[in-house]
Amino acid sequence: MNGSPYGPYNPYNPYFDPVLYERAQGEKHQLKQTANGLCITLLASMLFVYVVAILGKVYLNGIGYTPDYTNPDFSGYTPVLYYLLEGITYLLGLTMPALLYLAIRHIPLREVLPFQKTGFLKTGAFVFFGVAVCMLANFPANIVANIEKAFGFNPDLSLPLTNDPAVLALYFITLAVAPPIVEELIFRGIILQSFRRFGDGFAVVASAMLFGLFHGNFVQMIFAFIAGLVMALAVVRTNSLLPSILIHFCNNSISFAITATQRLYGDTAVTYVNNAVFGVSIILGIGALFYLWSKDRHLFQGDAGNPMFRLPAKIKALFFHFGGVCMLIYAFASSLWVLTK
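The structure presented is a predicted model; accordingly, all values stated were derived computationally and were not measured.

1. Overview of a nonpolar patch on the surface
Part 1 of the reasoning: Taken together, the side chains of Ile143, Ile147, Phe151 and Phe153 define a hydrophobic patch exposed on the protein surface, amounting to about 430 Å² of accessible area.
Part 2 of the reasoning: Examined against the element boundaries, Ile147 turns out to sit in helix 4 (residues 120-150).

Below is the structure:
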């Protein structure tokens, strides 16, 4: 706001508008309250995942199941049981605090889970464009990974796996089915929709930032932030979660296909698959971008909003409260911990 003719703190400025200033102060207070509640909910969700996991282990011990720690890759469980527990703890851990947040705020599900009918071509175009952006997001993420390696860090972020078809099927559900549904309902549903009253442009950026911090490691933070931007844009421009769910599903399915190909057919095959998928995704993404641009020349244009409460001030208000500070501390601490694994 510095250098703007509106000069919010100078009542002698001829451009100063006390009405706009008071409105900006009110919006800032509301934004801090909303962001604080959402950040605390996210932190509670991540904590609750661990609580549910512990309760699951207690239950298994109670019914007489004895973990076999000679198989440390799967925490002493059979691979199938391991993925069943992973899926249950993930679904319950993330969704229950989010639903509690909606109940406390008396927010109906229909207000944060938009599924407006969108044409097949428009939906498909956003999916192709979104997947292409996700493919490109791997480049900055890989740069961060290489920097970590240069400093002697090489954290393993992958889940344990075997070639058993049942295990691969459960791995696919854990990777490519559950996250696109649960995470989209939370980040492009509850979080994005809660922030839209402060401007769609801000809502897109804010939801993407929280999506990145949620992943808790430097590599995925970069990737998730970029992917979060394009998925949030798709939701804002279609008023439907369907395109973002499909983008998320396609991206994670590609990751599964590459992992499975490498395990079953080796490095040479995975190189061919990776190059083919990347090339096709970029070509389709460029075509989709031209189509979307031809239909909406304001595709990437955000709303102007209150001139005394611009995007930088909104980003500051997004984190300058108890929940936001705790979220930043968690993300940084978790990222450091991941480096030591």
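2. Quick look at the nonpolar core
Part 1 of the reasoning: Core analysis: the biggest nonpolar cluster contains 74 residues, and Leu42, Phe195 and Leu210 have the highest contact counts within it.
Part 2 of the reasoning: The contacts of Phe195, once residues within four sequence positions are left out, are Leu31, Thr34, Ala35, Leu38, Phe202, Ala203, Ala206, Leu210 and Leu318.
Part 3 of the reasoning: With 14 residues, the next largest nonpolar core counts Leu60, Tyr77, Leu81 and Tyr82 among its residues.

3. What about the packing of aromatic side chains?
Part 1 of the reasoning: Taken as a whole and assessed by the stated rule, the structure comprises 14 aromatic pairs.
Part 2 of the reasoning: Their ring planes at 40° and their centres at 5.8 Å tell us that Tyr171 and Phe256 sit as a pair that is tilted. Taken together, the positions of Tyr171 in helix 5 (residues 165-195) and Phe256 in helix 8 (residues 242-265) put the pair 85 residues apart, joining distant regions of the chain. Exposure class is identical for Tyr171 and Phe256. Each is buried.
Part 3 of the reasoning: Summarising the aromatic geometry, the rings of Phe187 and Phe211 are spaced 4.9 Å apart at their centres and angled 65° between planes, so their arrangement reads as edge-to-face.

4. What about helix 6 (residues 200-214)?
Part 1 of the reasoning: Here helix 6 is 15 residues long and its end C-alpha atoms lie 21 Å apart, about the 21 Å a rise of 1.5 Å per residue gives.
Part 2 of the reasoning: Counting buried positions along helix 6 yields eleven of 15 residues, so the element is predominantly enclosed.
Part 3 of the reasoning: Turning to helix 6, its buried residues number three or more, namely Phe202, Ala203, Val204, Ala206, Ser207, Ala208, Leu210, Phe211, Gly212, Leu213 and Phe214.
Part 4 of the reasoning: Note on helix 6: the residue one or two positions beyond its end, Gly216, has a positive phi of about 65°.

5. Some points on the environment of Ala35
Part 1 of the reasoning: Looking at the secondary structure, you find Ala35 in helix 1 (residues 18-62).
Part 2 of the reasoning: Ala35 sits in the buried class, given a relative accessible area of 0%.
Part 3 of the reasoning: Separated by 289 residues in sequence, Ala35 and Gly324 place their C-alpha atoms 7.1 Å apart.
Part 4 of the reasoning: Dropping the residues within four chain positions of it, Ala35 is found in contact with Phe195, Ala317, Leu318 and His321.

6. Re unusual backbone geometry
Part 1 of the reasoning: Backbone geometry at His106 places phi at a positive 55°, although glycine is not the residue there.
Part 2 of the reasoning: With respect to the element layout, His106 can be found in the loop between helix 2 (79-105) and helix 3 (109-112).

7. Considering the pattern of salt bridges
Part 1 of the reasoning: Under the criterion given, the structure shown has two salt bridges.
Part 2 of the reasoning: Linking Arg188 and Glu184 is a salt bridge whose minimum nitrogen-to-oxygen distance equals 2.6 Å. Placement of the pair is Arg188 and Glu184 together in helix 5, with a separation of four residues, close to one helical turn.
Part 3 of the reasoning: Under the relative-accessibility criterion, Arg188 is labelled buried at 0%.
Part 4 of the reasoning: The partner of Arg196 in a salt bridge is Asp200, and the shortest N-O contact between them spans 2.8 Å.

8. A short note on the side chain of Ser253
Part 1 of the reasoning: By the secondary structure assignment, Ser253 is in helix 8.
Part 2 of the reasoning: Beyond its immediate stretch of four places on either side in the chain, Ser253 contacts Phe172 and Ala176.

9. Re helix 1
Part 1 of the reasoning: Taking 1.5 Å of rise per residue, the 45 residues of helix 1 would be expected to cover 66 Å, and the 65 Å separating its terminal C-alpha atoms lies within 8% of that figure.
Part 2 of the reasoning: Looking one or two residues past helix 1, Gly64 carries a phi angle of roughly 95°, positive in sign.

10. Some words on the confidence of the model for the protein chain
Part 1 of the reasoning: Taken over all residues, the pLDDT of the protein chain has a mean of 92, while the share at 70 or more is 95%.
Part 2 of the reasoning: Segment residues 1-7 is flagged for pLDDT under 50; beyond a separation of four residues in sequence, or across chains, it makes 14 contacts in the model.

11. As for the packing of helix 4 against helix 7 (residues 218-238)
Packed helices, taken two at a time, are described by their axes: the angle between them and the distance between them.
Part 1 of the reasoning: Following both chains from N to C, one finds helix 4 and helix 7 inclined at 165°, their axes separated by 7 Å at the closest point. In terms of axis orientation, helix 4 runs roughly antiparallel to helix 7. Here helix 4 and helix 7 pass one another in a crossing that is right-handed.
Part 2 of the reasoning: Among the residues making up the contact of helix 4 with helix 7, the classes are represented as 18 nonpolar, three polar and three charged.

Analysis parameters
- Sequence order sets the numbering: in each chain, residues are counted from 1 along the sequence as written.
- Reporting in this predicted model follows two pLDDT cut-offs: at least 70 for local features of residues, and 80 or more for side-chain atom pairs to be given and counted; totals over whole chains, interfaces and linings ignore these cut-offs and use all residues.
- As a rule here, side-chain values cover all heavy atoms of the structure and leave hydrogens and water aside.
- Residues forming no salt bridge and having over 30% relative accessible area are the ones grouped into patches, like charges within 9 Å of each other and nonpolar side chains (Val, Leu, Ile, Met, Phe, Trp, Tyr) within 5 Å.
- Values of accessible area rely on a 1.4 Å probe in the Shrake-Rupley scheme; residue burial ignores everything except the protein chains shown.
- Salt-bridge detection follows one rule: a side-chain nitrogen of Lys or Arg within 4 Å of a carboxyl oxygen of Asp or Glu.
- Under the DSSP-based scheme used, a helix requires at least four consecutive residues in state H or I and a strand at least two consecutive residues in state E, with every element numbered from the N terminus.
- Nine residue types can take part in a nonpolar core, namely buried Ala, Val, Leu, Ile, Met, Phe, Trp, Tyr and Cys, and a core is a set of them joined through side-chain atoms within 4.5 Å.
- For every residue, the accessible area obtained with a 1.4 Å probe (protein chains only) is divided by the maximum for its type, and the residue is called buried under 20%, exposed over 50%, and partly exposed between those limits.
- Any two residues having at least one pair of non-hydrogen atoms within 4.5 Å are treated as being in contact.
- What counts as a ring pair is set by centres within 6.5 Å for rings of Phe, Tyr and Trp (its six-membered ring), and what kind of pair is set by the plane angle: stacked under 30 degrees, edge-to-face over 60, tilted for all other angles.
- What a helix is expected to span follows from its residue count: subtract one and scale by 1.5 Å.
- The pLDDT value tells you how sure the predictor is about a given residue, anywhere from 0 up to 100.
- Axes here mean lines fitted to C-alpha atoms, for a helix over just the part in contact, with angles spanning 0 to 180 degrees between N-to-C directions.
- Relative orientations are named as follows: roughly parallel for angles under 35 degrees, roughly antiparallel for angles over 145 degrees, roughly perpendicular for angles from 65 to 115 degrees, and oblique for any other angle.
- Whether a crossing is left-handed or right-handed is set by the direction in which the near helix is turned from the far one by less than a right angle, anticlockwise for left-handed and clockwise for right-handed.
- Put simply, Ala, Val, Leu, Ile, Met, Phe, Trp, Tyr, Cys and Pro go in the nonpolar bin, Asp, Glu, Lys and Arg in the charged bin, and everything else, Gly too, in the polar bin.

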